[in-house]
Amino acid sequence: VQLQASGGGLVQAGDSLRLSCAASGRTFSDSAMGWFRQAPGKEREFVATISWSGSYTSYADSVKGRFTISRDNAKNMVYLQMNSLKPWDTAFYYCAARGGYRAVAGTTPKMYTYWGQGTLVTVSS
């Protein structure tokens with residue numbers, strides 16, 4: 001699976017952004033997906049994950065109620081809708097795919113085999 005994230009940008013606090021992750025490879029529809037982020041000088045952290053079918057999602061406490069992860073298996077796309085953005089949401093955002101057929105959704109980076117390049121989200125106060 002190859003992944004390409006896009007949609008980042010510079011926004012003001014309170015604004016919304018939608019990140020997209022385009023996946024190639026025939027196994028995408030059977031892969032749990034996740035979004036992670038990494039701010040300068042900090043470790044990569046979990047943001048959201050979605051099961052291969054889309055029936056299960058999980059979020060970090062810091063984004064719960066503001067961010068929504070979704071997927072469109074017909075289009076090989078995963079999305080992260082981000083609302084009510086805060087300055088501390090500023091980071092590079094990465095999409096990732098788990099290896100293994102229909103592996104469960106995961107919340108730690110080491111559970112993911114495939115990574116896209118990051119897309120930068122900057123939220124000004």
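Before going into details, it helps to say that this report is about the structure given with it. Here the structure is a predicted model, which means the values were calculated and not measured.

**Some remarks on the overall build of the protein**
Right, on to step 1. In terms of helices and strands, the protein carries zero helices and 11 strands.
Right, on to step 2. Moving toward the C terminus, one meets the helices and strands of the protein in the order β-β-β-β-β-β-β-β-β-β-β.
Right, on to step 3. For 125 residues, the compact-globule formula gives about 14 Å, and the C-alpha radius of gyration of the protein, at 13 Å, lands near that figure.
Right, on to step 4. Here the C-alpha coordinates of the protein stretch approximately 40 × 25 × 25 Å along the principal axes.
Right, on to step 5. Burial analysis of the protein (125 residues in total) assigns 43% to the buried set.
Right, on to step 6. Expressed as a percentage of contacts within the protein between residues at least 6 apart in sequence, the contacts between residues at least 24 apart total 58%.
Right, on to step 7. Total accessible area on the protein is roughly 6,300 Å²; 49% of this is exposed by carbon and sulfur atoms.
Right, on to step 8. Looking at charge distribution, the protein has the averaged site of its 13 positive side-chain charges lying 5 Å from that of its 7 negative ones.

**Side note on the nonpolar core**
Right, on to step 1. Core analysis: the biggest nonpolar cluster contains 33 residues, and Trp-35, Leu-80, Met-82 and Tyr-93 have the highest contact counts within it.
Right, on to step 2. For this core, the secondary-structure elements that each account for two or more residues are strand 1 (2-6), strand 3 (17-24), strand 4 (33-38), strand 5 (45-50), strand 7 (67-72), strand 8 (77-82), strand 9 (91-97) and strand 11 (119-124).
Right, on to step 3. For this core, the element with the most residues is strand 9, which contributes five residues.
Right, on to step 4. Leaving out residues up to four positions away in the same chain, Tyr-93 has contacts with Leu-19, Trp-35, Phe-36, Arg-37, Val-47, Phe-67, Leu-80, Met-82, Gln-117, Gly-118, Thr-119 and Val-121.

**Comments concerning the pairing of strand 9**
Right, on to step 1. Burial of strand 9 is extensive: six of the seven residues sit out of reach of the surface.
Right, on to step 2. Inspection of the sheet shows strand 9 paired to strand 11 by three bridges, in the antiparallel sense. Bridging from a neighbouring strand, Phe-92 pairs with Leu-120 of strand 11.
Right, on to step 3. By the bridge criterion, two bridges tie strand 9 to strand 10 (residues 114-115) in an arrangement that is antiparallel. Across the sheet, Ala-97 pairs through a bridge with Tyr-114, a residue of strand 10.

**So, the side chain of Thr-49**
Right, on to step 1. For Thr-49, the location among the structural elements is in strand 5.
Right, on to step 2. Looking at Thr-49, its side chain comes within polar contact range of the side chain of Tyr-112, at 2.9 Å.
Right, on to step 3. Once residues within four sequence positions are removed from consideration, Thr-49 is found in contact with Met-33, Gly-34, Tyr-56, Thr-57, Ser-58, Ile-69, Ala-105, Gly-106 and Tyr-112.

**Topic: the pattern of salt bridges**
Right, on to step 1. What the rule picks out here adds up to five salt bridges.
Right, on to step 2. Between Arg-102 and Asp-30 there is a salt bridge, and its shortest N-O distance comes to 3.0 Å. Within this pair, whereas Arg-102 is found in the loop between strand 9 and strand 10, its partner Asp-30 is found in the loop between strand 3 and strand 4, the two being separated by 72 residues in sequence.
Right, on to step 3. By relative accessible area, Asp-30 is classed as buried at 17%.
Right, on to step 4. Notably, a salt bridge pairs Asp-61 with Lys-64, separated by 3.1 Å at the nearest N-O pair.
Right, on to step 5. Judged by its relative accessible area of 67%, Asp-61 is exposed.

Rules used in this analysis
Residues numbered from 1 in each chain as written. Predicted model: local features only at pLDDT ≥ 70, side-chain atom pairs only at ≥ 80, totals over all residues. Heavy atoms only, no water. Helix = DSSP H or I, 4+ residues; strand = E, 2+ residues; numbered from the N terminus. Rg over C-alpha atoms; globule rule 2.2 N^0.38 Å. Buried < 20%, exposed > 50% of the residue type's maximum accessible area, 1.4 Å probe, protein only. Contact = heavy atoms within 4.5 Å. Areas by Shrake-Rupley, 256 points an atom, 1.4 Å probe, with all protein chains shown as cover. Lys, Arg positive; Asp, Glu negative; His and termini not counted. Charge placed at Lys NZ, Arg CZ, Asp CG, Glu CD. Core = buried A, V, L, I, M, F, W, Y, C linked by side-chain atoms within 4.5 Å. Pairing = 2+ DSSP bridges. Polar contact = N/O pair within 3.5 Å; in protein donor to acceptor, adjacent residues only side chain to side chain. Salt bridge = Lys/Arg side-chain N within 4 Å of Asp/Glu carboxyl O.

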